[in-house]
Amino acid sequence: MIINLVILVVLAIILLTIWFNYRHNDVKWKEHEIDVSGLRFPKGFLWGAATSAHQVEGGCDRNDWAIWERSYDLNAYPRIKNGQQSGKAADHWNRFRGDIDLLKQIGANSYRFSVEWSKVCPQPNKLNTSVIDHYIDVCQYLHHSGVNPFVTLHHFTIPDWLYERGGFENPDAIHYYTDFVGKVAETLGPYVDYWATFNEPVVYAMMGWVFGKFPPGKKDLCLAARVLANILQAHYQAYHILHEIDRSDADDDGIPCKVGIVKNIPLFDPARKWWLPDWIVAKTLHRLFNQSVLDAFIAERFKFNLWNVVNFSQDIPGLSNTLDWIGLNYYTQYLCRLDWKSDYKMRTYPNLKLPQTDMNWAIYPAGLYRSLQMIGSFGIPIYITENGIATEDSGLRKDFILKHINAMHEAMLDRVDVRGYFYWSLMDNFEWAEGFDKRFGLYHVDYKTQKRTLKDGSEIYRELIQSVQYKQHD
Ligand code: FCB
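Residues numbered from 1 in each chain as written. Predicted model: local features only at pLDDT ≥ 70, side-chain atom pairs only at ≥ 80, totals over all residues. Heavy atoms only, no water.

Visitor: Explain the nonpolar core to me, and be specific about the residues and the numbers.
Guide: In terms of nonpolar packing, the biggest core is built from 140 residues, with W47, F168 and M408 touching the most fellow members. Take this core: its biggest share by element is 14 residues, from helix α10 (residues 221-245). The contact partners of F168, leaving out residues within four places of it in the chain, are W117, H154, I158, A173, Y177, F198, Y204, R226, V227, N230, I231 and A234. Among the nonpolar cores identified, the runner-up in size contains 15 residues, and W325, M359, W424 and F440 belong to it. (Core = buried A, V, L, I, M, F, W, Y, C linked by side-chain atoms within 4.5 Å. Buried < 20%, exposed > 50% of the residue type's maximum accessible area, 1.4 Å probe, protein only. Helix = DSSP H or I, 4+ residues; strand = E, 2+ residues; numbered from the N terminus. Contact = heavy atoms within 4.5 Å.)

Below is the structure:
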């Protein structure tokens, strides 16, 4: 009897493992044969680069990161590598005109940037008009340069006064956020058609409330779930506010306002494909990081479960009708394994057989194709809102750009509706907890002089934008 049961269980494990392997769609192309001039894109495809206010502007001294950068952990170590602070960053606040010229020089027709909430609203429900005037100047200069503004409303930072009130842990943050969104829509609406409500909500919640690497530095999955639920509620309300207020069509395409959210999709694959527990870990992490938020936009219910650690579920009625597009940030793949010694018994690490970036992220272009396939099922336009590499090696950067754009193109050939690609980042900048050492920029920044120089490895992006073919009709 027992023997039969054991045989049955072993058989089930084998069959399940075979099934997972069979369903696993790893893709491979002849990447050494990429012919840039053979790539074809729809007319009006957006080519651009992305930044975020705190990482490039400088003078962001009234937000949670300003406090975080000056604080220490329980072992008296600074929060940021080597105690660095964002300070003047890339001084983009003062140099935005020159930076927009740099975008033009590579042939880009769009720019993704964020407005700094703590500058726009230095106090609750108060608008700083001179800050708004600055962003209007940015938008006007973009317009004059023929570059489309793509605006992110929340890119990881919150004002210090909201930080003191618990940030997105506190449901009041929803009201403060929508008040800010309304003010920005009223003033920048005439210049902007593309709005991203939030950048990478799951990364934000995990880094701040699970790994403790971003403010507020907590380690509590239940709080992370609450933060995410509040963010989804805030997105829902912001979507409607933006559509109500922004009725001017800045780019003359007949649609005044297109609202989306930006989702980072890391790929989670089993470290050992023949070992069922690794598959379970990979699928669990995929559910937590990727599916929880994506499914909420289909089911109108946000579920965040991890064994007996967290069991969260909240209805968000109406959420399914609040995406005009979806943004994909793609960087890497993680190998996953069951590990009794790690937190939550799960360990992830990069595939060391692949080339690595300075972030210790494995370079895996097929992951871009796979994540595009994943969100392609939403049936709405997709923008790759971030994809890029931190490296000092020009050959690696060139290869990265070429292979990822090729992977995107492959997905498009397979009918995934991709409408734009933004390289992260326009120039080197303050990479959050890593400080300034990790250089993602197309342009190198000398922080002593603030001089920008196009990196050798970035030339390919310029060449590519200029040599790809455009289809008139699909
Ligand atoms: C993303 C962030 C962006 C940048 C890149 C490297 O998760 O959105 O600000 O830090 O990673």
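There's plenty left to go through after this.
Visitor: Hey, could you go over the packing of aromatic side chains for me, with residue numbers and the actual values?
Guide: Applying the stated rule across the entire model yields 44 aromatic pairs. With centroids separated by 6.3 Å and ring planes inclined at 55°, the aromatic side chains of Y177 and F180 adopt a geometry described as tilted. Of the two residues, Y177 and F180 both sit in helix α8 (residues 172-188), three residues apart, roughly one turn of that helix. This pair shows no difference in class: Y177 is buried, exactly as F180 is. With a centroid separation of 6.1 Å and 80° between ring planes, the pair formed by Y331 and F440 is classed as edge-to-face. Of the two residues, Y331 sits in the loop between β10 (325-329) and β11 (333-338) while F440 sits in the loop between β14 (418-424) and β15 (443-446), which places them 109 residues apart along the sequence. We note that Y331, like F440, is buried. Members of the aromatic cluster, joined through ring pairs, are W65, F156, Y204, W209, F214, F430, W432, F436 and Y447. Its end group placed over the ring of Y141, R97 keeps NZ or CZ at 6.0 Å from the ring centre. (Phe/Tyr/Trp six-rings, centres within 6.5 Å; stacked < 30°, edge-to-face > 60°. Lys NZ or Arg CZ within 6 Å of the ring centre and 35° of its normal.)

Visitor: Talk me through the pairing of strand β5 (residues 194-199); I want residue IDs and the actual numbers.
Guide: Across the six residues that make up β5, a large majority, six, are buried. For strand β4 (residues 148-152) and β5, the ladder comprises three bridges, and the chain directions are parallel. The residue bridging T152 from the neighbouring strand is A196, located in β5. Note: β5 against strand β6 (residues 258-264), four bridges, orientation parallel. The residue of β6 that forms the bridge with Y194 is K258. (Pairing = 2+ DSSP bridges.)

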